[in-house]
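Structural overview for review
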Amino acid sequence: MFFKKSKKGEPREPVRRKRKTERQEGLAWYLETSRFVTVLLFVLTAMVIGWLSFIGVTTAGPPLQPNQIVPMRVVANHEFSYISPLRTERQRNQVARRVPPAFRVDMEAYHGFSDRIRNLLDDINTLARNVEEMTGEDKAAAVDAFVREYNQTQGRRINREDVSILLEQTDSATRQILFENGLVALREIHREGIYQPGDIHLEGETPDRFSLISLIRADGQVTEKAIQTEEQALQFLRINIIAPNVSQEVSIAMYRLFRPGIVPNIFFDSAKTEELRQRMVENVEPVRVLVEEGQSIVEPGTLLGPEQHEMLNQYRNHLAEIRQSGFGFNELVYHRLLLVLAVMLGSVVFIRLEDRQSVRSNVRLALLALVACANLGLIWLVINLSNHPLVLENTDWAAAVTYFAPYALSPLIVAVLVGLRPALFMALFVSIFAAIMFGNRVETFAVSLLSGLCAIWACQQVRLRQTVVKAGLFAGAVVAVSALFFGFAGSFDPMTVLRQMGAGLGMGLLTGVTVAGLLPVLEKVFRRTTDITLLELTDTNHPLLKRMQLTAPGTYHHSLVVANLSENAAAAIGANGLVCRVCSIFHDIGKLIKPEFFIENQRDGINPHADRSPSFSALVIKSHVKDGVDLAIKHKLPRIIIDVIRQHHGTSLIQYFFHQAKQRELKESESGGTGQTRIEADKVSESTYRYDGPKPQFRESAIVLFADSVEAASRTLRKITPQSIEELIDKLINDRIDDGQLDECPLTLQEVSLIKKSFAYTTLNMLHSRVDYPDDGKAAAKAADEKRKKDAPAEPVSGS
């Protein structure tokens, strides 16, 4: 103890030593509280988000996807040209379709018929010689027999009248000429090919749609010619088989004999057809498109087709090549820059007004900045992938790119790790920049905001990791429903809508799984504690709780009762009941070092404080806070539990030992007179008997402080009535308030009133009376209990 210097003969005035308080030093504390670090975080975050939001900012407008409604007009500021793969491919397809199909001529049918018709001529000549001397009836009988035998042996039918006409009206030389002329005409017909629809398997080709075909002759030559049907071939035969100086009956007879020789003899050659088409396609030059200066590339309100999308991308590439897409040289850049600055300044205002904890903690700000930048970075990656040639070639999947973006990622993380209010702002923040990055698309803003809000709503009470996955899946379902709505409104192809819905659901599920896996890492790095981790710590098999049950059972029971009191009080004022419960269970783990010095653990009436000085006892009592912090750090308990252990007594006075010290000082100095006695009593310094603090910094910590005192003091009540309990609670809490223990805590008087009511209700139900059963040993037990209470200290140490 120190004393001020005084004049001679005057008693020295005692000087109170400054109470020892915990000082945070080192690099970690500087990074946590430095305003310079805060400003640096803001600047870096603004730069990263600004850079991400300037994707594709050119006079070509924002990045657009096929089948998207164009939000603005894009006009070419420069003349340029480009080779169009789409138009080149379309022209090649047109050329390929114009190439006639190739048919191979088969002359086997002609050769077979030629042999048969020559044999028939020989047989007719032989018959003519045989019937030359016969009379009419015998001659007719011989012709009938010849026709009958021929039809039976040759498998072909000839007409009796035709044979009779040739026998009667022509001689052998004439018949020879007629048959040779017929074969010449038939050979010519077969060389030109005969096609009859329905008789030739064309393997998907239909020559009817061609005016010409590619005919592959027997010598391998390929010529283009008109299609010759069977009717056309018969007409050609009828015309060319007529010879001069013969009757019409002879011509008709010859036509009927040669008509069976008209059969289809061309067959589709798919390999040759493909070869011819490929040869023609290779000769097609790439189509070059010339876009003049001032020409409109896309018009607002129109559906962006493949060719317009190609032209827009080529214009953007052209601008990049001539280095005229730099920032700050067009109106669009200025507009977007102002929007980025406005949103960033709005973020600062919101955090300062509505999220004061983030203002005081750079670690919390760093977490918010990281998840926001990471979320926008993933959206940036999706946009870059959407511009990949493989995606651009497949317009069906390109239309679903918007729904692959993980819009609910950062709102979900912030809702679990920080709180619902910052998560709502994060959802709005990400939605605004996502809409900017996708080209000021209102539908993107709506889908992003809805998915984020639904994910936050599903994470109001997260006690299990599977809840996070369900929240992500729920957000994905909202995206899928939005895709269905926009697809129906835009008359999209059903398969495109299904792809978009599948993309939204899949990304939602992946987002939930990713967040559930990242939570332990983020909790460790940014010193955050989720309800999931807190719930896991309530397991009674935790090493500290097992040890407390064995070595300090009274403290363990006291902690459980404090947990019930604080959890109910937290629910009454809207604080985190789970934080209060878990912190209450661990708040007195420091008593495990010297459990016998605390009254709830003393057995057989042995009190180790009886033969020790008040200052020593106060030092032992205070040390349980420091010991508790050490044990918590050793067992890697969350930061919030360590904070409650430090703050659960604040800087309150250990009144029992303080008054005991003052009484002992008075007794020792009674011989010095009344005035001297009072001065000597003032020598007892309060700082020796006060906890080192700090005072409660948040509502849950203050609730635990109150609950700890109420639970301990309630055990001293001799008569349990609602009035006595309320008076005790009022006195304890008011004393703490008058002592300044809530000076650094955001509790309001209204919340304190609700806490008192909750404590009174819970304590009254906890200390309820039982039916008094008759017992022979009741009187003796009651007397022993009264004696024990009389010997015990007036104020329990555990609630000091």
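Overview of the structure. All residue numbers refer to position in the chain's written sequence, counted from 1. Given that the model is predicted, a residue must reach a pLDDT of at least 70 before its local features are reported, and side-chain atom pairs must reach 80 or more before they are shown or counted; all residues, however, enter totals for whole chains, interfaces and linings. Hydrogens are left out, water is left out, and the side-chain values use all remaining heavy atoms of the structure.

1. Description of the packing of helix H4 (residues 108–130) against helix H5 (residues 136–154)
This is how the line gets drawn: Note on method: axes are straight lines fitted to C-alpha atoms, helices fitted across the in-contact stretch only, with angles between N-to-C directions ranging 0 to 180 degrees. Secondary structure elements are defined from DSSP: runs of H or I of at least 4 residues count as helices, runs of E of at least 2 residues count as strands, and each element is numbered from the N terminus. Reported orientations rely on four angle classes, namely roughly parallel under 35 degrees, roughly antiparallel over 145, roughly perpendicular from 65 to 115, and oblique for the rest. Whether a crossing is left-handed or right-handed is set by the direction in which the near helix is turned from the far one by less than a right angle, anticlockwise for left-handed and clockwise for right-handed. Throughout, a residue-residue contact means that at least one pair of heavy atoms, one from each residue, lies within 4.5 Å. Nonpolar residues are Ala, Val, Leu, Ile, Met, Phe, Trp, Tyr, Cys and Pro. Charged residues are Asp, Glu, Lys and Arg, and all others, Gly as well, are polar.
Where H4 meets H5, the closest approach of the two axes is 11 Å, and the angle between their N-to-C directions is 160°. As summarised for this structure, H4 and H5 are arranged roughly antiparallel, according to the angle between their axes. Here H4 runs over H5; the crossing is right-handed. Note on element contacts: H5 touches H4 through Ala-142, Val-143, Phe-146 and Tyr-150, opposite Arg-116, Leu-120, Asp-123, Ile-124 and Leu-127. Per-class residue counts for the contact of H4 with H5 are seven nonpolar, no polar and two charged.

2. A few points about the pairing of strand E9 (residues 288–291)
Worth spelling out the cut-off: Remark: exposure states derive from per-residue accessible area (1.4 Å probe, protein chains only) relative to the maximum for the residue type, with buried under 20%, exposed over 50%, and partly exposed in between. Two strands qualify as a pair provided DSSP detects at least 2 bridges between them.
Of the two faces of E9, only the one carrying Val-289 and Val-291 is buried; Arg-288 and Leu-290 on the other face are not. Note that strand E4 (residues 80–83) and E9 share four bridges and pair antiparallel. Paired with Phe-80 across the strands is Val-291, a residue of E9.

3. A closer look at a nonpolar patch on the surface
The criterion, for reference: The patches described consist of residues with a relative accessible area above 30% and no salt bridge, like charges being joined within 9 Å and nonpolar side chains (Val, Leu, Ile, Met, Phe, Trp, Tyr) within 5 Å. Using a 1.4 Å probe, the Shrake-Rupley method yields the accessible areas, and only the shown protein chains count as cover for residues. We count a salt bridge whenever a side-chain nitrogen from Lys or Arg sits within 4 Å of a carboxyl oxygen from Asp or Glu.
A cluster of nonpolar side chains, contributed by Leu-27, Tyr-30, Leu-31, Phe-36, Val-39, Leu-40, Phe-42, Val-43, Leu-44, Met-47, Leu-345 and Val-348, occupies part of the molecular surface with about 1,100 Å² of accessible area. Elements supplying a minimum of two residues to the nonpolar patch: helix H1 (27–33), helix H2 (35–53) and helix H12 (331–354). Top contributing element to the nonpolar patch by residue count: H2, with seven residues. Tracing the backbone through its elements, the reader meets Met-47 in helix H2.

4. Thoughts on the nonpolar core
Rule in force here: Note on terminology: a nonpolar core comprises buried Ala, Val, Leu, Ile, Met, Phe, Trp, Tyr and Cys residues joined through side-chain atoms within 4.5 Å.
Counting residues in hydrophobic clusters, the biggest one holds 58 residues, and the most contacted among them are Leu-376, Ile-379, Met-426, Phe-429, Phe-433 and Val-468. Broken down by secondary-structure element, the contributors of at least two residues to this core are H2, H12, helix H14 (362–386), helix H17 (409–417), helix H18 (420–437), helix H19 (442–458), helix H20 (465–489) and helix H21 (494–526). Listed in part, the 44 residues of the second largest apolar core include Ile-117, Val-131, Ile-213 and Ile-266.

5. With respect to a positive patch on the surface
Under the convention used in this document: Counting rule for charge: Lys and Arg are taken as positive, Asp and Glu as negative, and neither His nor the chain ends is counted. We put the charge of a Lys on NZ, of an Arg on CZ, of an Asp on CG and of a Glu on CD.
A cluster of basic residues, Arg-35, Arg-352, Arg-356 and Arg-360, forms a positive patch at the surface. Within the element layout of this structure, Arg-360 appears in helix H13 (residues 356–360).

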